[in-house]
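# Descriptive structure summary
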Amino acid sequence: MRVVLGMVVTLAGFLIAMLGLVITASIGGRLVLTLIGIAVSLTGIMGVINRAYLKNAIWKN
Amino acid sequence: MKVFVVFLMIACFSGLPVLALGQTPAPASQPAAAAPSASASAPITDADLKAVQAPRPEEKAQGDPGGTITGNASDISVSDAKKGLTLPDILNEIGQDKIAINFVWTLITGFLVMFMQAGFAIVETGLTRAKNANHTMMMNFMVYGVGMLAYWLIGFAIQEGGVGAIANLGGTAPLNAEHTIRIFGKDLGLWGNSGFFLMHHGTYDVGVMVVFLFQMVFMDTALTIVTGTCAERWKYSAFVISSFLMGAFTYPLFANWAWGGGWLAGLGTNFGLGHGYADFAGSGVVHSVGGVTALALGIIVGPRIGKYTRKGKPNAIPGHDIVLVLTGCFILAFGWFGFNPGSTLGAAGSGNLRIASVAVNTMLAGMAGSFSAMLYMWLRYQKPDASMSANGLLAGLVAITAPSGFVNPVASVIIGLVAGFLVCVSVEFVDRVLKVDDPVGAISVHGANGLWGVISVGLFADGTSNFGGAWNGVNGSVRGLFYGDPGQLVAQLIGGVTLIGFVFTLSFAFGLLVDWLVGHRSPAKAELEGLDIPEMGALCYPEFVLREETGAAVQ
């Protein structure tokens, strides 16, 4: 379940950046939303998906 | 005193080029040549052509040691023997010669890129243990065939089916079917629909064949990145299915968005962001796609037995042959002269003489990457580590791949220096913080530095390149933030978030599917014994005495 949540969060980062293309025409606004998108996607990968896998890592058994 | 002397030497040597750069050009000693007269630029007529004297047969019969009469007007094909040589004959010949030069250039550089597979194979095998050498080599060998099959069947059409006419290669008119979706009032390209099996929709065409060969070897480069990260514990059947899916869907989809007329290329025309996502030779398209897919599968496959202690502390598992690693790196650096300069898809016309600076940028960044990685390891661990110096070279080459067509030599060295440092820091981060086992450092070399390369276009592109007067349908040359176009940086970052957010998720979903179908992980017993016998049925080095390893011993 956490893995699916992680995939949703990772994809959400991409969608935030896409949203930036339409909700603002300013370069600065799009830059900020894209950086937020990158941060959200990285959180999904490193903070959610990877952590879910590390919980049952082979070296813990 | 020593410090002063060293300082003086540095000042002298570094000062000379600075002065040279700052000098205004000296006036020419000879007056400039007079402009051609009006009569010299008058149109050529058929009467002029009849006056052209071709070498006589008796002259030719005496041989041409100086090469002065071989290749002349008599070598131009004549369409009507009665009329003799006409102006249309000459113009057709010039046009075909230009396309021939571009065909040969693109094909030969494609052949160089194909040879990079050998470099990847021996780098990865050298960085893994002898007991898995057959398995690692076979993955690198068969990724070529499996990937090509998937790309020929499906991938090429998705990637290039809607690219449109490539002028350097004479048109490629049949590649004209891009599937678009209308969102926000803009037509956004999603995938191509032409070129399945290289027969569909008129794609049995010489120009299309050149595009296929060149793009196919690029795709295979991306696929082979994953085999390095998953080496020494990846089930062979899982590797085959995963590679097929990546060659058919994951890679071609992003490549279409960036290079095939897709929505990322259109960020400039549709949203006013610079020249759209600009990735000259594929830091993002090839290397980051490979790197983020490697991260996704590396997480799913999990670390090798013995890589981490029960407390999660990483153990170093050295590779078995540093000679293979460094030789492989030289092969890769050689192949990169196909990868980057070849991405002009031509040597004649349309600003393509820029191939010279693309090639020099490539070698400079590679040098800078290996140098900074060596220096980092030397300062941090007291030894100039060979494998990390090798990864530094590759990191510099990966990072310069996207900007190589748009930046100057100084920027190339800066990009390479950052890449060499970044690969060392990233390897430590992946190993110690993420605890993702990556035996060859592929996530850092290709993923992290691919993203750095993408971003560096948005910083350092200097606006001097001119590939046909426009890029991605936007007139003028690509400029980064430091040369006055912040919109280009945003376009590059949107490419980056697409790689991290979308490509990772798609790769991860495919990874879960394959895990459900056949399972990614080899059995623990096979892994400890070495995968050569259990997976491949033969040892790579049957006469070697391999050290026995048990789970308890490596813990």
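Just so you know, these numbers come straight off a predicted model, no measurement behind them. (Residues numbered from 1 in each chain as written. Chains lettered and ligands numbered in written order. Predicted model: local features only at pLDDT ≥ 70, side-chain atom pairs only at ≥ 80, totals over all residues. Heavy atoms only, no water.)

Bringing the overall build of chain B into the picture now. Within chain B one finds 18 helices and 4 strands. In terms of overall size, chain B behaves like a compact globule, its C-alpha atoms giving a radius of gyration of 27 Å where 555 residues would be expected to give roughly 24 Å. The principal-axis extents of the C-alpha atoms in chain B amount to approximately 90 × 70 × 65 Å. Out of the 555 residues in chain B, the part that is buried amounts to 54%. Counting every atom, chain B has about 23900 Å² of accessible surface; 69% of that belongs to carbon and sulfur. Of note, chain B has its 27 positive side-chain charges centred 11 Å away from the centre of its 34 negative side-chain charges. (Helix = DSSP H or I, 4+ residues; strand = E, 2+ residues; numbered from the N terminus. Rg over C-alpha atoms; globule rule 2.2 N^0.38 Å. Buried < 20%, exposed > 50% of the residue type's maximum accessible area, 1.4 Å probe, protein only. Areas by Shrake-Rupley, 256 points an atom, 1.4 Å probe, with all protein chains shown as cover. Lys, Arg positive; Asp, Glu negative; His and termini not counted. Charge placed at Lys NZ, Arg CZ, Asp CG, Glu CD.)

Helix and strand counts for chain A come out as 2 helices and 0 strands. The C-alpha atoms of chain A give a radius of gyration of 15 Å, which is well past the 10 Å a tight globule of 61 residues would have. With the C-alpha coordinates aligned to their principal axes, the bounding extent of chain A is approximately 50 × 15 × 10 Å. Across the 61 residues that make up chain A, the buried fraction comes to 43%. Long-range contacts, defined here as pairs at least 24 residues apart, represent 68% of the contacts in chain A between residues at least 6 apart. When the accessible area of chain A is evaluated, it comes to approximately 3100 Å², of which 75% is carbon and sulfur surface. (Contact = heavy atoms within 4.5 Å.)

This part takes up the interface of chain A and chain B. The interface of chain A with chain B comprises 29 residues on the first partner and 35 residues on the second. Along the contact surface separating chain A from chain B lie 0 salt bridges. Listed by contribution, the elements that provide at least two residues to the side of chain A that touches chain B are helix 1 (2-23) and helix 2 (27-55) of chain A. The element contributing the most residues to the side of chain A that touches chain B is helix 2 of chain A, with 15 residues. (Salt bridge = Lys/Arg side-chain N within 4 Å of Asp/Glu carboxyl O.)

Below, the discussion takes up the side chain of B:E527. Residue and element names in this part refer to chain B. With respect to the helices, strands and loops of the structure, E527 is situated in helix 16 (residues 524-529). The class for E527 is buried, based on a relative accessible area of 3%. Beyond its immediate sequence surroundings of up to four residues, E527 is in contact with K131, E232, R233, R304, I305, R521 and S522.

Turning our attention to the side chain of B:T172. Residue and element names in this part refer to chain B. Its location among the elements puts T172 in the loop between helix 5 (133-160) and strand 1 (178-183). Residue classification places T172 among the buried positions, given a relative accessible area of 4%. A distance of 3.0 Å separates a polar side-chain atom of T172 from the backbone nitrogen of I166. Sequence-distant contacts of T172, defined by excluding residues within four places in its chain, comprise G164, A165, I166, D205, G207, V208 and V211. (Polar contact = N/O pair within 3.5 Å; in protein donor to acceptor, adjacent residues only side chain to side chain.)

All names here are of chain B. Taken as a whole and judged by the stated rule, the model has 9 salt bridges over all chains. Between R56 and E58 there is a salt bridge, with the nearest N and O atoms lying 3.4 Å from each other. The closest approach of N and O atoms between E59 and R56, which form a salt bridge, is 3.7 Å. Each of R129, E232, R304 and D437 takes part in one network of salt bridges that share partners.

Let's shift gears to a nonpolar patch on the surface. A surface patch of nonpolar side chains, amounting to about 500 Å² of accessible area, comprises A:L19, A:V22, A:I23, B:I181, B:I183 and B:F184. Every element with two or more residues in the nonpolar patch is listed here: helix 1 of chain A together with strand 1 of chain B. Considering the arrangement of structural elements, one finds A:L19 in helix 1. The exposure class of A:L19 is partly exposed, given its relative accessible area of 48%. (Patch = residues over 30% accessible without salt bridge, like charges linked within 9 Å, V, L, I, M, F, W, Y side chains within 5 Å.)

Let's shift gears to the environment of B:L223. Residues and elements named next belong to chain B. Within the secondary structure, L223 is located in helix 6 (residues 206-229). Among the residues examined, L223 registers a relative accessible area of 2% and is labelled buried. Here the alpha-carbon distance between L223 and F244, two residues 21 residues apart in the chain, equals 9.1 Å. Not counting residues within four places of it along the chain, the set of residues in contact with L223 comprises V143, G147, S243, M246 and G247.

Our next topic: the pairing of strand 1 of chain B. Strand direction decides the pairing type here: strand 1 of chain B and strand 2 (residues 186-192) of chain B, joined by 6 bridges, are antiparallel. By the bridge assignment for strand 2 of chain B, B:T180 is matched with B:G189. (Pairing = 2+ DSSP bridges.)

A few words on the packing of aromatic side chains. Residue and element names in this part refer to chain B. The final tally for this structure, using the stated rule, is 29 aromatic pairs over all chains. Ring plane angle 40 degrees and centroid distance 4.7 Å describe the contact between F214 and F218, whose orientation is recorded as tilted. Taken together, the residues F214 and F218, both in helix 6 and 4 residues apart, mark about one turn of the helix. When sorted by exposure, F214 lands in the same class as F218, which is buried. With centroids separated by 6.5 Å and ring planes inclined at 90 degrees, the aromatic side chains of W452 and F460 adopt a geometry described as edge-to-face. (Phe/Tyr/Trp six-rings, centres within 6.5 Å; stacked < 30°, edge-to-face > 60°.)

To continue, consider a positive patch on the surface. Residues and elements named next belong to chain A. Residues R2, R51, K55 and K60 make up a contiguous surface patch of positive charge. By the element assignment, R51 lies in helix 2. Looking at R51, the relative accessible area reads 55%, which means it is exposed.

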